[in-house]
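Now for the letters of each chain:
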Amino acid sequence: MSKKDRSASGNSDKVIHVVFGPGGGRVSQPPPAPREGATEAPLPAPGAREPVTDMFTGTEVARLLGISPGRLRSLDRAGIAAPSGRRRGRRAYTFSDLIALRAARDLIARKVRLRDVARAIENIRTALPKVTRPLAELRVAFDGKAVVVRGASGAFEPLTGQMVLDFEVKELRDDVVRVLRPKVGRERARTAYELYMQASQLDEDPATMDEAEALYRRALEIDPWLAIAYTNLGNICFRRNAEEQAEALYMKALDLDAAQPEAQYNLGYVMLERGQAAEAIRYFRGAIESDPRFADAYYNLAMAYEQIGDPTKARPCWRRYLEIEPTGTWAEIARRHL
């Protein structure tokens, strides 16, 4: 039995409850609270820009997709992926242009001939107007001969042969947010953190869990880069036995803060529960690299090594756990493994 099974109340002790500061890291203290007697500022509106309707400069596109400015100009001159919108009086790329550019980039990386890339992109442009909900499971696929644009309602062209290029357009939207919008104002960050703190006082009680979830989601509308809020929202899903949703939220937290020990630990625990000990080891080790005094990570890392039949690697983890937590029931269990 893994250490986090020690609670008789069910899943509430199976996940790390994050109480650390904005952006997913630890801070010595939360952002300052409003002065006594000050009126509470109204909640700011969520992010004003929406990737699907935005216009993007060449510099932004180069940063987002990893395409050099020279390559962008070449694709523009060749008519393969030219900016079709305008921003502040200058030519700019639309979200549909980003879809075409990303497809062009990946096709070129696969040594597809430039004329075939041009034909593929033209097929994408032809198919895109048929899409009424471009973020609803839309995929662009290429099999070496034809481009297929398909969504939840089915493919616009029949698939032929083996697909070698496949990506979700929704992921591109997420990349726009993550890469091009990494900052919010201080007031927005403070408001989001305060909502997060309110939620963290409510999320372990089943009677207030729905309220906590609403607060976390509101915090993330205001500050989509508050990684710790994704982690705690994942904890709520885990307590509700929605394991796949929890896993997705932990992964989102790590997308924003790859070093966050809590999300890594929780993912390790999910994998250990599934019997995927080898995968759990990777996450527990990541948690320990981020926080060398994360006692529970050492404990469950040792358990994972035991599960794959490698007690030799488990022993140093048991010893390290005992150095950090030398007393208690779980310390006695650790000693029995040595």
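Keep in mind that this is a model prediction, so the values were computed, not measured.

Asks: Looking at this model, I keep getting lost on the packing of aromatic side chains. Mind explaining?
Replies: For any pair of aromatic rings, the description consists of the separation of the ring centres together with the inter-plane angle of the planes. Per the stated rule, a full pass over the model turns up eight aromatic pairs. Ring plane angle 25° and centroid distance 5.0 Å describe the contact between Tyr265 and Phe294, whose orientation is recorded as stacked. Here Tyr265 is found in helix 10 (residues 261-273), whereas its partner Phe294 is found in the loop between helix 11 (277-290) and helix 12 (295-307), with 29 residues between them in sequence. On the basis of relative accessibility, which here comes to 0%, the residue Tyr265 falls in the buried class. Given a relative accessible area of 8%, Phe294 falls into the buried group. The interplanar angle of 75° and the centroid separation of 5.1 Å between the aromatic rings of Tyr299 and Tyr321 together place this pair among those described as edge-to-face. Separated by 22 residues along the polypeptide, Tyr299 in helix 12 and Tyr321 in helix 13 (residues 311-324) bring together distant segments of the chain. In this pair, the class of Tyr299 matches that of Tyr321, namely buried. Taken together, the ring pairs connect Tyr299, Trp318, Tyr321 and Trp330 into an aromatic cluster. Here the basic side chain of Arg282 rests over the ring of Tyr283, its NZ or CZ set 4.4 Å away from the ring centre.

Asks: In this structure, what is going on with the side chain of Asp97? I would like to understand it.
Replies: Tracing the backbone shows Asp97 in helix 3 (residues 95-109). A polar contact is formed between the side chain of Asp97 and the side chain of Ser84, at a distance of 2.8 Å. Apart from residues no more than four positions distant in its own chain, Asp97 is found in contact with Ala82, Pro83, Ser84, Gly85 and Ala92.

Asks: What is the right way to look at the nonpolar core in this model?
Replies: Nonpolar side chains in soluble globular proteins tend to end up buried together. Leu226 and Tyr321 are the most contacted members of the largest nonpolar core, which has 62 residues in total. Per-element accounting of this core gives the leading share, nine residues, to helix 12. In this structure, Val61, Leu64, Ile67 and Ile99 belong to the second largest nonpolar core, which totals 19 residues.

Asks: Explanation requested: the UniProt feature "repeat: TPR" (unreviewed entry) in the chain in the structure shown.
Replies: UniProt tags residues 227-260, 261-294 and 295-328 as "repeat: TPR" (unreviewed entry). Between the end C-alpha atoms of residues 261-294 there is a gap of 8 Å, over a span that is 79% helix and 0% strand. Along residues 295-328, the helical share is 79% and the strand share 0%, with 13 Å between the first and last C-alpha atoms.

Asks: Help me out: how do you make sense of the packing of helix 6 (residues 186-200) against helix 7 (residues 209-222) in this one?
Replies: The axes of two packed helices give the description: the angle between them and the distance between them. As a packed pair, helix 6 and helix 7 sit with axes 8 Å apart at the nearest point and diverge in direction by 165°. In terms of orientation, helix 6 lies roughly antiparallel with respect to helix 7. The chirality of how helix 6 crosses helix 7 is left-handed. Contacts from Arg188, Thr191, Ala192, Leu195, Tyr196, Gln198, Ala199 and Ser200 in helix 6 reach Ala212, Leu215, Tyr216, Arg218, Ala219, Glu221 and Ile222 in helix 7. Each residue belonging to the contact of helix 6 with helix 7 can be placed in one class, and the counts come to nine nonpolar, three polar and three charged.

Asks: Before we go on, may I ask you to explain the pattern of salt bridges in this structure?
Replies: Where charged atoms of side chains with opposite charge meet at close range, the side chains can pair. Applying the stated criterion across every chain yields a total of 12 salt bridges. The closest approach of N and O atoms between Glu221 and Arg218, which form a salt bridge, is 3.2 Å. Taken together, the positions of Glu221 and Arg218, both in helix 7 and three residues apart, correspond to about one turn of that helix. A relative accessible area of 21% places Arg218 in the partly exposed class. With a closest N to O distance of 2.9 Å, Glu323 and Arg320 form a salt bridge. Highlighted residues: Glu323 and Arg320, both in helix 13, separated by three residues, approximately one helical turn.

Asks: Please clarify how the packing of helix 13 against helix 14 (residues 329-336) should be interpreted in this entry.
Replies: Contact geometry of helix 13 with helix 14 gives a least axis separation of 9 Å together with a crossing angle of 150°. Judged by the inter-axis angle, helix 13 sits roughly antiparallel to helix 14. Both helix 13 and helix 14 take part in a crossing whose hand is left-handed. Only Trp330, Ala331, Ala334 and Arg335 of helix 14 make contact with helix 13, whose side of the interface consists of Trp318, Tyr321 and Leu322.

Asks: Explain unusual backbone geometry here, please?
Replies: For residues other than glycine, phi is negative in most cases, and the peptide bonds are mostly trans. For Asn241, which is not glycine, the phi dihedral falls at a positive 65°. Looking at the element boundaries, Asn241 is found in the loop between helix 8 (227-239) and helix 9 (243-256). Its relative accessible area of 61% is what places Asn241 among the exposed residues.

Asks: Got a minute to help me understand the environment of Ala78 in this structure?
Replies: In this fold, Ala78 is placed in the loop between helix 2 (69-77) and strand 1 (85-87). Expressed as a C-alpha distance, the spacing of Ala78 and Leu114, which sit 36 residues apart in the sequence, is 9.2 Å.

Asks: Is there a simple way to explain the environment of Phe284 in this structure?
Replies: Relative to the assigned elements, Phe284 resides in helix 11. With 18 residues separating them along the chain, Phe284 and Asn266 place their C-alpha atoms 8.5 Å apart. Other than its neighbours up to four places away in sequence, Phe284 contacts Tyr265, Gly268, Tyr269, Leu272, Ala297, Asn300 and Leu301.

Asks: Any chance you could explain helix 13 here in plain terms?
Replies: For an α-helix, the turn length of 3.6 residues means that residues three or four places apart are oriented alike. The end-to-end C-alpha distance of helix 13 is 20 Å, a good match for the 20 Å that 14 residues give at a rise of 1.5 Å each. Against the buried residues of helix 13 lie helix 12 and helix 14.

So, how was this worked out
- Residues numbered from 1 in each chain as written.
- Predicted model: local features only at pLDDT ≥ 70, side-chain atom pairs only at ≥ 80, totals over all residues.
- Heavy atoms only, no water.
- Phe/Tyr/Trp six-rings, centres within 6.5 Å; stacked < 30°, edge-to-face > 60°.
- Helix = DSSP H or I, 4+ residues; strand = E, 2+ residues; numbered from the N terminus.
- Buried < 20%, exposed > 50% of the residue type's maximum accessible area, 1.4 Å probe, protein only.
- Lys NZ or Arg CZ within 6 Å of the ring centre and 35° of its normal.
- Polar contact = N/O pair within 3.5 Å; in protein donor to acceptor, adjacent residues only side chain to side chain.
- Contact = heavy atoms within 4.5 Å.
- Core = buried A, V, L, I, M, F, W, Y, C linked by side-chain atoms within 4.5 Å.
- UniProt positions renumbered as here; feature names shortened; annotations may be inferred.
- Axes fitted to C-alpha atoms, helices over the stretch in contact; angles between N-to-C directions.
- Parallel < 35°, antiparallel > 145°, perpendicular 65-115°, else oblique.
- Left-handed = near helix turned anticlockwise from the far one by under 90°.
- Nonpolar A, V, L, I, M, F, W, Y, C, P; charged D, E, K, R; others polar.
- Salt bridge = Lys/Arg side-chain N within 4 Å of Asp/Glu carboxyl O.
- Expected span 1.5 Å × (residues − 1).

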